[in-house]
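This is what each chain is made of:
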Amino acid sequence: MINKTDEKKIEKIGAFEISEKMVELAKENTKGNPYLNAGRGNPNWINRKARLAFSRLLEFGIEESERTISDGDLVGYTELDGISNRFISFLNPNNNETDAFLMTCLDYLKNDLSLTLDEVVKEFVDGVLGNLYPSPNRVLNNTEVILNHYLQSVLYNGVDLANDTTLFPTEGGSAAIVYTFQSLRENKLIRPGDKIAINTPIFTPYLQIPVLNDYELVEVDLSSKEENNWEIDADTIQKLNDPELKAFFLVNPSNPGSKALNDTSLAEIKKAVENNPDLMIITDDVYGTFVDDFQTVYSVCPFNTLLVYSYSKLFGATGWRLGVIALNKENVFDKLIANLSDEEHDQLNKRYNLVVMDTQEMSFINRMVADSRSIGLYHIAGLSTPSQIMEALFSLTHLVVKNEEDSYIEASKKLVNERYENLHAALNYQKDESEKNAKYYSMINIYHLAEERYGTDFKNYLMEHYEQIDFLVNLAQKNGIVLMDGVGFGADPGDLRVSEANLPTKDYQQIGLQILDLLNDYYQTFKKNQ
Ligand SMILES: *Cc1c(COP(=O)(O)O)cnc(C)c1O
């Protein structure tokens, strides 16, 4: 059993690390309940269509390779000339749903995106075969166009930026975050002591990275709270007007709050940027598709914003590691680099002129590509080509439905919504029906729940007699349920994050019931001690 001293130690580690400890406890829970882990955000669904298409491309790629060299398992290379016609002959759209999808993609790529089919098919085929270093290293040419249109369609809410945006596909959103921070620092765009704003509670890396020694940034907290339905209120957003503020890091829709910024907040941010034109904004929009008519800060402030997106959540692709960084061709990061002093330019020239002739002309996004491989390996940088093509195929599942509803995205929203409903019904907990609620996660506050069910004295007793982590620990070791501690994300004590992504839908009622069962155990102890 875990005692109070252990609990104090546990409270000091990160939310994800606490969760791992809770898993061990929950598997051996004392009530003999089934072990249920709703701590992690990994979805328990996957996108079928794009994966099947990947597999068909691979089969075709092998046939193509056999055309040039064929000696047992040693086969050759592919040829550009006529490749799209050979691909069309290979496909059997009348009898095969996946082939029909691929035909639709070809039609879309040619007619809607005006791409040259032989070149796209060659890029796709070589990409899935993985026979060439990524070239260009930042992103494959046709893939960039496809991903740009996908991001525009799902995140920009009608603002046209696809042709003005440059992309760098990365090993998941995680690598996108790491690369961004690293290059911001290397290029002296953020320095120790700089003031940065963060919308808390927030996905832990955004809290942890800025406090690591090499940054020592001063955080300005743009907090959202349960009382406010996890929205940042207008007064708080005004903190962005501070002229000393260098950067604003946000997750939108938020994690753990699961809430997208509303139009008022977006307008406030736009105003703040007018007052503070050199503000650097980093927005992580991995949950954007879970909100109807989502609008990213990038589409409101394209010059100032770097956007991070990941295919992990919507497409159930965490093992692939598929993320992307998007940055406008005209952007504040390049402007700030140009404004550095001569001495700083000299230092940066020494850093980058190992790999480029004219460092001054090197864009921030290309600096990220170089930094991601410690400069020296710039020429072999870039996301693996099979991964880039997988991103293109996931994007195409959405793009080919054009102006109609994307049934896959709708199905994903419906699924998390059902789980949200089940959990809240079992707990009889106040729901947030705002259209900005992604419902990918729920935050349940134990003190709030305690007060509602058993009154203020009981709530105060819980707060005074137990470590804030005690409920989470007991929920694991007694009831077999793992949730995530909200405090690790910068939320209030008692806030627990339930992921609606990773368990069968029927389990969410059980999670609600087990939370109430444990709360009742505490209440019985409280009554005995009265
Ligand atoms: C899950 C998550 C990520 C991680 O994305 P990966 O592509 O799996 O690395 C990034 N940001 C936020 C806010 C997330 O919740």
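Because the structure is predicted, anything quoted here is derived from the model rather than measured.

**Quick look at the domain arrangement of the chain**
In many analyses, interface size is given as the accessible surface area lost on bringing the parts together. Taken domain by domain, the chain comprises domain 1 (4–41 + 407–528), domain 2 (48–129) and domain 3 (141–399). Here domain 1 and domain 2 have C-alpha centroids that lie 47 Å from each other.

**Focus on the site of the ligand**
Lining the immediate environment of the ligand, one finds 13 residues, of which S174, D284, Y287, S310 and K313 sit closest. Interatomic distance of 2.9 Å between a side-chain N/O atom of N255 and an oxygen atom of the ligand. Within the side chain of K313, a nitrogen or oxygen atom sits 3.1 Å from an oxygen atom of the ligand. The biggest single contributor to the shell around the ligand is helix α8 (residues 172–186), with three residues. Along the lines of polarity and charge, the residues of the shell around the ligand split into four nonpolar, six polar and three charged.

**Digging into the sheet that holds strand β11 (residues 441–445)**
Judged by pairing direction, the sheet is antiparallel, and its three strands sit side by side in the order β11-β14-β13 without closing on themselves. In this open sheet, the two strands that pair with only one neighbour each are β11 and β13 (484–485). The pairing of β13 with strand β14 (residues 495–499) spans two bridges and is antiparallel. Bridged to D485 within β14 is L496. Relative to the sheet, helix α17 (residues 407–427) contacts β11 and β14, its axis offset from that of β11 by approximately 15 degrees.

**Some words on a nonpolar patch on the surface**
A contiguous nonpolar surface patch, about 290 Å² in accessible area, is contributed by I69, L74 and Y77. Relative to the helices and strands, Y77 is located in the loop between β3 (74–75) and α4 (83–90). Residue classification places Y77 among the partly exposed residues on the basis of a relative accessible area of 46%.

**Thoughts on the packing of helix α3 (residues 48–66) against helix α16 (residues 385–399)**
The interhelical angle for the contact between α3 and α16, taken along N-to-C directions, is 130 degrees, at an axis separation of 9 Å. Taken as axis vectors, α3 and α16 run oblique relative to one another. Like other packed secondary-structure pairs, α3 and α16 cross with a definite hand, here right-handed. Residues K49, A50, R51, A53, F54 and L57 of α3 form the contact with α16, whose participating residues are P386, I389, M390, L393, F394 and T397. Grouping the constituent residues of the contact of α3 with α16 by class yields nine nonpolar, one polar and two charged.

Conventions adopted
- Within each chain, residues carry numbers counting from 1 in the order of the written sequence.
- Reporting of local features is limited, given that this is a predicted model, to residues whose pLDDT is at least 70; pairs of side-chain atoms are given and counted only at 80 or more, and all residues count toward the totals for whole chains, interfaces and linings.
- Note: side-chain values were computed over all heavy atoms of the structure, leaving out hydrogens and water.
- Residue ranges labeled as domains rest on an automatic or database domain assignment.
- By convention in these notes, a residue is near a molecule or strand provided one of its non-hydrogen atoms lies within 4 Å of it.
- Pairs of N or O atoms are called polar contacts if they sit within 3.5 Å, as long as, within protein, a hydrogen donor faces a hydrogen acceptor (for residues adjacent in sequence, only side-chain-to-side-chain pairs).
- Going along the chain from the N terminus, every DSSP run of H or I of four or more residues is numbered as a helix, and every run of E of two or more is numbered as a strand.
- In this classification, the charged set is Asp, Glu, Lys and Arg, the nonpolar set is Ala, Val, Leu, Ile, Met, Phe, Trp, Tyr, Cys and Pro, and all remaining amino acids, among them Gly, are polar.
- Pairing between two strands is assigned when DSSP locates at least 2 bridges connecting them.
- Contact criterion: two residues are considered in contact whenever any of their non-hydrogen atoms come within 4.5 Å of each other.
- Each axis is a line fitted through C-alpha atoms, taken for helices only over the stretch in contact, and angles between the N-to-C directions span 0 to 180 degrees.
- A patch consists of residues whose relative accessible area exceeds 30% and which take part in no salt bridge; residues with like charges are grouped when within 9 Å of each other, and nonpolar side chains (Val, Leu, Ile, Met, Phe, Trp, Tyr) when within 5 Å.
- With residues, only the protein chains shown are counted as cover, and all accessible areas are computed by Shrake-Rupley using a 1.4 Å probe.
- Salt-bridge detection follows one rule: a side-chain nitrogen of Lys or Arg within 4 Å of a carboxyl oxygen of Asp or Glu.
- Summary of the burial criterion: residues with accessible area below 20% of their type's maximum are buried, those above 50% are exposed, and those between are partly exposed, where the area comes from a 1.4 Å probe applied to protein chains only.
- Roughly parallel refers to an angle under 35 degrees, roughly antiparallel to one over 145, roughly perpendicular to one between 65 and 115, and oblique to any angle outside these ranges.
- Helix crossings get a hand from a simple test, with the near helix turned counterclockwise from the far one by less than a right angle marking a left-handed crossing and a clockwise turn marking a right-handed one.

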